[in-house]
Amino acid sequence: MNDTADLVGVLRAAGETTRLRLLALLADGEQSVKDLTEILGQSQPRVSRHLKLLADAGLVSRNAEGAWAYYGLAPEGAGGDLARWLISRLSPDDPDRLRDTKRLEAVRLAQAEQAAEYFAKVADSWDLLRSLHVPEEAVEAAIVKTLEGRAVDTLVDLGTGTGRMLELLAGHYRRGIGIDASREMIAVARAKLAATSIGHAQVRLGDISDLDGVALKADMIIVHQVLHYFDDPGRVLLQARRALKPGGEMLIVDFAPHGLEFLRSHHAHRRLGLSEAQMTAWARAADLAVADLQCFPPTNPTEGLTVCLWRLIDETDRSL
Ligand SMILES: C[S@@+](CC[C@H](N)C(=O)[O-])C[C@H]1O[C@@H](n2cnc3c(N)ncnc32)[C@H](O)[C@@H]1O
């Protein structure tokens, strides 16, 4: 319960055109101040001021990450509830909303193109690049251990890249499917699967942030070193969830929070690692629960990164 002054503060914060537009944009998932500035066409200090007001009133949450800050609708409390209610009352045909949604799509498309360009360039050398200063052996051993003694019918590898996970786990699934948005990565993966005679896995071109048209149902989904390329990993998890069979599991492998800003400027990363709290919240929003978390320190402590392996289970089936 809140007192009158608190609620008036929340209503004041929400009661302004730009701030309402910001709430509507954040209802589509977490966004960086940089992107919100571009979408709204206003100066960054102005957008930051509006976001600060919304955050102070508890309507949005702020998550600082290196030089960028990400905002999302507050997961709980009167502010978050009011924000969701207001957005549910906003007509999808509202001209501001239509224009902002279109710009948001354009910003996402430009980012996806930028990432695709990067992966097209590194496809041939990815297997070398992916192992730099990362405790790859330990992580791969832990992934294999998770599947030991189990028979997975359909395993889907989202953002499969060169198909390393399909190769590593080939002995543990009956049918494997890898999806990736980069033609170049898919070409390398296809050649590799053929060279290693893995005939029960296929790779396909596809966008994992939009799996609506993909008729897939997986017993296990693996998302290995992919989520940090998205502004809103929670959205990708929600999409992935739709491709999971009841009682299925997801294995997520990604960096722990870090401060290596150059990975954004030079390697197309968007998020500087994922925290335990973030993953728990994204999983919960997708009706999944974190069943297990293991983190592995870098092979070179002075410049490497910690990698974490999350096992997420279907919340609606706790028998696993
Ligand atoms: C860092 S690589 C990881 C590849 C592989 N999972 C591995 O660990 O070796 C990230 C992969 O995600 C893919 N990717 C990025 N955005 C994507 C999207 N929207 N849909 C599908 N794949 C995407 C890239 O093309 C790239 O191959």
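The structure presented is a predicted model; accordingly, all values stated were derived computationally and were not measured.

**Overview of the sheet that holds strand β3 (residues 68-73)**
Thought 1: Strand order in the open sheet formed by three strands is β1-β3-β2, and the pairing between neighbours is antiparallel. The open sheet has two edge strands, β1 (31-32) and β2 (60-65), and neither has a second partner.
Thought 2: The pairing of β2 with β3 spans six bridges and is classified as antiparallel. Looking at β3, one finds that E65 is bridged to W68.

**Digging into the domain arrangement of the protein**
Thought 1: Structurally, the protein comprises domain 1 (4-90) and domain 2 (125-314).
Thought 2: Spacing between the C-alpha centres of domain 1 and domain 2 amounts to 31 Å.
Thought 3: Facing the ten residues of domain 1 at the interface are eleven residues of domain 2.
Thought 4: Between domain 1 and domain 2, roughly 930 Å² of surface is buried when both sides are summed, and carbon and sulfur atoms account for 34% of that area.
Thought 5: The largest contributions to the domain 1 side of the interface with domain 2 come from E30, E65 and W68, which together make up 53% of the buried area.
Thought 6: Put simply, domain 1 and domain 2 have four salt bridges between them.
Thought 7: The closest approach of N and O atoms between R271 and E65, which form a salt bridge, is 2.9 Å.
Thought 8: Secondary structure elements with two or more residues in the side of domain 1 that touches domain 2: β2 and β3.
Thought 9: Here the residues of the side of domain 1 that touches domain 2 sort into three nonpolar, three polar and four charged.

Quick notes on the rules
Residues numbered from 1 in each chain as written. Predicted model: local features only at pLDDT ≥ 70, side-chain atom pairs only at ≥ 80, totals over all residues. Heavy atoms only, no water. Pairing = 2+ DSSP bridges. Helix = DSSP H or I, 4+ residues; strand = E, 2+ residues; numbered from the N terminus. Domains from an automatic or database assignment. Contact = heavy atoms within 4.5 Å. Buried area = accessible area lost by both parts, 1.4 Å probe. Salt bridge = Lys/Arg side-chain N within 4 Å of Asp/Glu carboxyl O. Nonpolar A, V, L, I, M, F, W, Y, C, P; charged D, E, K, R; others polar.

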